[in-house]
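An overview of the molecular structure
Below, each chain spelled out in residue letters.
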Amino acid sequence: MARGKLRIYLGAAPGVGKTYAMLSEAHRRVERGTDCVVAFVEHHGRPRTEVMLRGLEEVPRQETEYRGARFTELDLDAVLARRPRVALVDELAHTNVPGTRNAKRWQDVEELLAAGIDVVSTVNIQHLESLGDVVRSITGVRQQETVPDEVVRRADQIELVDMSPEALRRRMAHGNIYRPDKVDAALSNYFRPGNLTALRELALLWVADRVDAYLKRYRSDHRVSRIWGSRERIVVGLTGGPEGRTLIRRAARLAEKGAGGEVLAVYIARSDGLTAASPKELAVQRTLAEDLGGTFHHVVGDDIPAALLDFARGVNATQIVLGSSRRKSWQYVFGPGVGATVARESGPDLDVHIVTHEEAAKGRGLPVARGARLGRSRLVWGWLAGLGGPVLLTLVLSGVHLGLANDVLLYLALTVAAALLGGLYPALASAAVGSLLLNWFFTPPVSRITISDPKNILALAIFVGVAVSVASVVDLAARRTHQAARLRAESEILSFLAGSVLRGDTSLEALLERVRETFGMDSAALLERENDVAPWTCAGRAGPGPSVERPEDADVDMPVGDHMALALTGRVLPAEDRRVLAAFAAQAAVVLDRRKLREEAERARALAEGNRIRTALLAAVSHDLRTPLAGIKAAVSSLRSDDVAWSEEDQAELLEGIEEGADRLDHLVGNLLDMSRLRTGTVTPLIREIDVDEVVPMALGGVPEADVELDIPESLPMAAVDPGLLERSVANLVENAVKYSPPGHRVLVAASALGDRVEIRIVDRGPGVPDEGKERIFEPFQRYGDAPRGAGVGLGLAVARGFAEAMGGTLAAEDTPGGGLTMVLTVRAAGRSARPAAAPSAERQAAP
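The model shown is predicted, which means the values in this text are computed figures rather than measured ones.

Here we look at the overall build of the protein
If you tally the helices and strands in the protein, you get 24 helices and 24 strands. Counting all 848 residues of the protein, 48% fall into the buried class. Within the protein, contacts between residues separated by at least 24 positions form 71% of all contacts whose residues are at least 6 apart in sequence. When the accessible area of the protein is evaluated, it comes to approximately 41800 Å², of which 55% is carbon and sulfur surface.

Structure follows, in structure tokens:
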């Protein structure tokens, strides 16, 4: 069965019109005859959205009973039985009520897609799991309901429902999103212009990145090499000279002028080298590029202009920034230079900027090294000089008689020129042709391949010997220069690898991408297996090229040990490149091992934390359980003893001791169980709208009435909390405050409203806690100062904070003015309606 298609309407904030757009799409499909049903759509009391539900078939919702109340959720089985062509499922990140088949609604959607049903859904940008910390830093609200990014990225279509912050605030002010009595608080808190602008930017950038990834995949699949200027990508060509910093800053300014501009600094090292690049200067330029938001790339290429243009076209760049040549004027006789060549061959779709700088026309610090090969043009000129030169010289000398010695010197000069231009073989050819022409035209007897004078034989022999010697020296120098330049390029790459090993800041995927760029391959993957017969698995890959499942399927494979290999696709590498590839492969293995060790360390840290808690728990149970048990046993034994006649007052005192010990045991066991639930993640709050003054008095039942002062105003808005969890949190906080308050000082429990939050403050006049200890007191098994063992196992505050965060709230400690400690418990104020969930959705979190 073919998998269904997923279409998602993505919004930056509640109220931008995602659900309305989804319902409009449903009406269009129904008009075209598509079988479309409403599986679950929440209109949140918005009239215009509610009207859009008319005329659409709705699948009845599933009713679920939880903690004495009934709630409705998506009836997955009913939708699967109905088998529509398209199903509308609102709020993709929603958490289902406990008792349903799946914990998350996106898991319901996955089942519908697997059954071949197309799904249209909605989600806000703040619900993406990877953006949780960013959204919290912007809005101050931690999104408890999230959806994995990969679920959204796999969608076949993502449509951004956009609205300017001003328009969204006008909708809010007109009452189109929340009730009028909630509008002012919402506009001054979650729906502030800065919040909405930042969330809108997140949504736009996220969608733009996904579109860019699709564009890259499309260009790769269809082998599109022509540049599409969909966004500004600026490639900076670096030579390793000091002018590179100026070029990077200029490119960054150019990128700022266009939306979504991106800077890619690239240094191309080849066997004949562009400059004698300083590794220190390249490191500085790498840091500068990354600080300005760009990326740094190191590429190996034989032809600098061609490699630079290939790189620019490969990343779909729109501009190239190069510096003015540092060559002096007379050096242009050897060629137009990299900048002119790149500008000439860039084509109409790639702009080239030549930037002036202080180092222009000052010459290079070291001479340019010659290459692995002398170059095609030099070889052509070398062969022309070696074969055609002697013929032309013979025509010239046939009319001018200078003597045999002078003729030999001229032919020798021509042979040396051929050696300098084309190397060994053109020089040998020049020597052979020149010696034959000298023998035929200028050595007696003329017009015969014979020599009558022995002196002439010696002259020709010296001529051939000198020609061969000069050609050999020139060829040897070229090969030595090639080797030195190539070793320099390799040393730069190995220096980068060594630096990344020491810094430990290179991920496996980034390293594989560097391998792919360095050798110009389509893809790079690191494969591993457990043993010689186990199948290969991919530990990481980079590049748009086809993936390989075995090393032997790749164009190039580099073994790393017995059960690991680096596999590349794209072309076959020469043998001389495998040495550097082996270094990359070894580094990839190190990075993979480091990642595994990090994961092992995380698991070991978790185990150590668990062992620490278990040790503390054992110590606490061994003492704090034994004390009340010993007291209870002693009191019961005394009451049952026949040797002593207890008065009524004594019996009442013993019974009171038994009751106090039992209460201590009950409280201790309750905290231990609560901490266990928090540690295992099984706390599932039932969020309801409730008055705080109904819950807080119940939490004070365990402390003397005279020790607590209650101040909860009648005008306090209702809170969206789990009553049971809130009661336990407040009870623990009040008990802790009473425990440390000096005699004669009552603990104040006050509540107030602050925007869309409700604050409950527990104020004591005890010794207080220094700033460095305010976070530590919330850790399990922590007692402040010299608290005796009988004061508890140190779980009360940890449980209180855990319950507060489970309800979407916070718990923090502050200093009490005048001395003491104030616990501030902050929870959400109730919105228009409450729905049970592990955490509220953004629609309700945004409400005041």
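Remarks on empty space enclosed by the protein
One pass over the structure, following the stated rule, counts 4 cavities of 30 Å³ or more. There is about 60 Å³ of room inside the second largest cavity. If you go around the second largest cavity, the residues you meet are Ala12, Ala13, Val16, Val161, Asp162, Met163, Ser164, Pro165, Leu168, Leu196 and Arg200. Those elements giving two or more residues to the lining of the second largest cavity turn out to be α7 (165-173) and α9 (193-221).

What to know about the packing of aromatic side chains
In total, this model carries 0 aromatic pairs according to the counting rule given. One cation-aromatic arrangement involves Arg105 over Phe40; the distance from NZ or CZ to the ring centre is 3.9 Å. In this arrangement the basic side chain of Arg801 is found over the ring face of Phe778, its NZ or CZ atom lying 4.0 Å from the centre.

Some points on a nonpolar patch on the surface
A cluster of nonpolar side chains, namely Leu379, Trp383, Leu387, Tyr425, Leu428, Val464 and Val468, defines an oily patch on the protein surface of about 590 Å² accessible area. Contributions of two or more residues to the nonpolar patch are made by α14 (376-399), α16 (424-442) and α17 (454-503). Residue contributions to the nonpolar patch peak at 3 residues, all from α14.

Focus: the sheet that holds strand β15 (residues 537-542)
Here we have 4 strands laid out as an open sheet, ordered β15-β14-β17-β16, and antiparallel in their pairing. Looking along the sheet, the strands with just one partner apiece sit at the ends: β15 and β16 (556-559). Averaged over all pairs of adjacent strands, the angle between their axes in this sheet comes to 20 degrees, without regard to strand direction. Where strand β14 (residues 523-528) and β15 come together, 5 bridges link them in antiparallel fashion. Across the sheet, residue Leu526 finds its bridge partner in β15, namely Gly540. Of the strands in this sheet, β14, β15 and β17 (564-569) are in contact with helix α18 (residues 508-519), which crosses β15 at around 60 degrees.

Quick look at the pairing of strand β6 (residues 86-89)
Of the two faces of β6, both are covered, the one formed by Val86 and Leu88 as well as the one formed by Ala87 and Val89. Here strand β2 (residues 36-40) runs beside β6; their pairing, made up of 4 bridges, is parallel. Looking at β6, one finds that Val38 is bridged to Leu88. Sheet analysis places β6 next to strand β7 (residues 118-124), joined by 4 bridges and oriented parallel.

Examining the pairing of strand β10 (residues 262-269)
In terms of burial, β10 is a largely internal element, 7 of the 8 residues being buried. In this structure, strand β9 (residues 233-238) lies alongside β10, joined through 6 bridges in parallel fashion. Within the sheet, the bridge partner assigned to Arg233 lies in β10 and is Glu262. As paired elements, β10 and strand β11 (residues 295-300) share 6 bridges and run parallel to each other. The partner of Tyr267 across the bridge, within β11, is His298.

Remarks on the nonpolar core
Counting 60 residues, the largest nonpolar core has Leu88, Leu92, Ile125, Val147, Val152 and Trp206 as its most contacted members. Looking at this core, the element that brings in the most residues is α9, giving 6 residues. Apart from the residues lying within four places of it in its own chain, the contact partners of Leu88 are Met22, Leu23, Ala26, Cys36, Val37, Val38, Ala39, Phe40, Val41, Leu56 and Val120. Within the second largest apolar cluster, 44 residues are counted, among which are Val696, Val747, Val799 and Leu821.

Structural notes on the packing of helix α22 (residues 723-740) against helix α23 (residues 796-806)
In contact at an axis separation of 9 Å, α22 and α23 are set at 150 degrees when each is read in the N-to-C sense. Between α22 and α23, the angle is such that the two are roughly antiparallel. Seen from above, α22 lies across α23 with left-handed handedness. Facing Leu725, Arg728, Ser729, Asn732, Leu733 and Asn736 of α22, the residues of α23 in contact are Gly796, Leu797, Val799, Ala800, Phe803 and Ala804. Its residues assigned to classes, the contact of α22 with α23 shows 7 nonpolar, 4 polar and 1 charged.

Section: the pattern of salt bridges
Using the criterion set out here, one finds 29 salt bridges in the structure. The salt bridge involving Asp553 is made with Arg550; its shortest N-O contact spans 3.0 Å. A single salt-bridge network, built from bridges that share partners, covers Arg7, Glu25, Arg28, Arg29 and Glu159.

Details of the confidence of the model for the protein
Counting all residues, the mean pLDDT for the protein is 78, and 79% of those residues have values of 70 or more. For the protein, per-element mean pLDDT is lowest for helix α24 (residues 842-845), which scores 36, and highest for β6, which scores 94. Residue range residues 361-373 is modelled with pLDDT below 50. Its contacts to residues more than four positions away, or to other chains, number 33 contacts. In this model, residues 786-791 is a region of pLDDT below 50 whose contacts with residues beyond four sequence positions or in other chains number 11 contacts.

Examining the packing of helix α12 (residues 304-314) against helix α13 (residues 338-345)
The contact between α12 and α13 brings their axes to 9 Å, and the two run at 45 degrees. By the angle class used here, α12 and α13 are oblique. Once α12 is placed against α13, the crossing between them reads as right-handed. Residues Ile304, Pro305, Leu308, Leu309 and Arg313 of α12 form the contact with α13, whose participating residues are Val338, Thr341, Val342 and Glu345.

A short note on the sheet that holds β11
Each strand in a sheet pairs with another by means of backbone hydrogen bonds, the pair being arranged parallel or else antiparallel. Spatially, the 5 strands line up as an open sheet ordered β11-β10-β9-β12-β13, and their pairing is parallel. Among the strands making up the open sheet, the edge pair consists of β11 and β13 (351-355). Across the sheet, the mean angle from the axis of one strand to that of its neighbour is 25 degrees, orientation sign disregarded. Pairing of strand β12 (residues 319-323) with β13 involves 5 bridges; the strand directions are parallel. Opposite Gln319, over in β13, you have Asp351 as the bridge partner.

Regarding the environment of Leu428
By the element assignment, Leu428 lies in helix α16. What makes Leu428 partly exposed here is its relative accessible area of 31%.

Remarks on α13
Of the residues making up α13, those classed as buried are Gly339, Thr341 and Val342. For α13, the buried positions fall inside an angular range of 165 degrees around the axis, keeping them on one side. Buried residues along α13 sit in contact with α12, β12 and β13. At the exit of α13 stands Gly347, carrying a positive phi of roughly 85 degrees.

Regarding unusual backbone geometry
Glycine aside, a negative phi is what most residues show, and trans is what most peptide bonds show. Even without being glycine, Arg83 reaches a positive phi, approximately 50 degrees. What makes Arg83 partly exposed here is its relative accessible area of 42%. Positive phi outside glycine occurs at Glu91, with the angle close to 50 degrees. By the element assignment, Glu91 lies in the loop between β6 and α4 (105-114).

About the criteria used
- Residues numbered from 1 in each chain as written.
- Predicted model: local features only at pLDDT ≥ 70, side-chain atom pairs only at ≥ 80, totals over all residues.
- Heavy atoms only, no water.
- Helix = DSSP H or I, 4+ residues; strand = E, 2+ residues; numbered from the N terminus.
- Buried < 20%, exposed > 50% of the residue type's maximum accessible area, 1.4 Å probe, protein only.
- Contact = heavy atoms within 4.5 Å.
- Areas by Shrake-Rupley, 256 points an atom, 1.4 Å probe, with all protein chains shown as cover.
- 1 Å grid on protein atoms, 1.4 Å probe; cavity = no way out; pocket = protein on both sides within 12 Å on 5 of 7 lines; lining within 4 Å.
- Points joined across faces, edges and corners; volume = space filled by probe spheres on them.
- Phe/Tyr/Trp six-rings, centres within 6.5 Å; stacked < 30°, edge-to-face > 60°.
- Lys NZ or Arg CZ within 6 Å of the ring centre and 35° of its normal.
- Patch = residues over 30% accessible without salt bridge, like charges linked within 9 Å, V, L, I, M, F, W, Y side chains within 5 Å.
- Salt bridge = Lys/Arg side-chain N within 4 Å of Asp/Glu carboxyl O.
- Pairing = 2+ DSSP bridges.
- Axes fitted to C-alpha atoms, helices over the stretch in contact; angles between N-to-C directions.
- Core = buried A, V, L, I, M, F, W, Y, C linked by side-chain atoms within 4.5 Å.
- Parallel < 35°, antiparallel > 145°, perpendicular 65-115°, else oblique.
- Left-handed = near helix turned anticlockwise from the far one by under 90°.
- Nonpolar A, V, L, I, M, F, W, Y, C, P; charged D, E, K, R; others polar.
- pLDDT = per-residue confidence, 0-100.
- Arc of directions from axis to C-beta.

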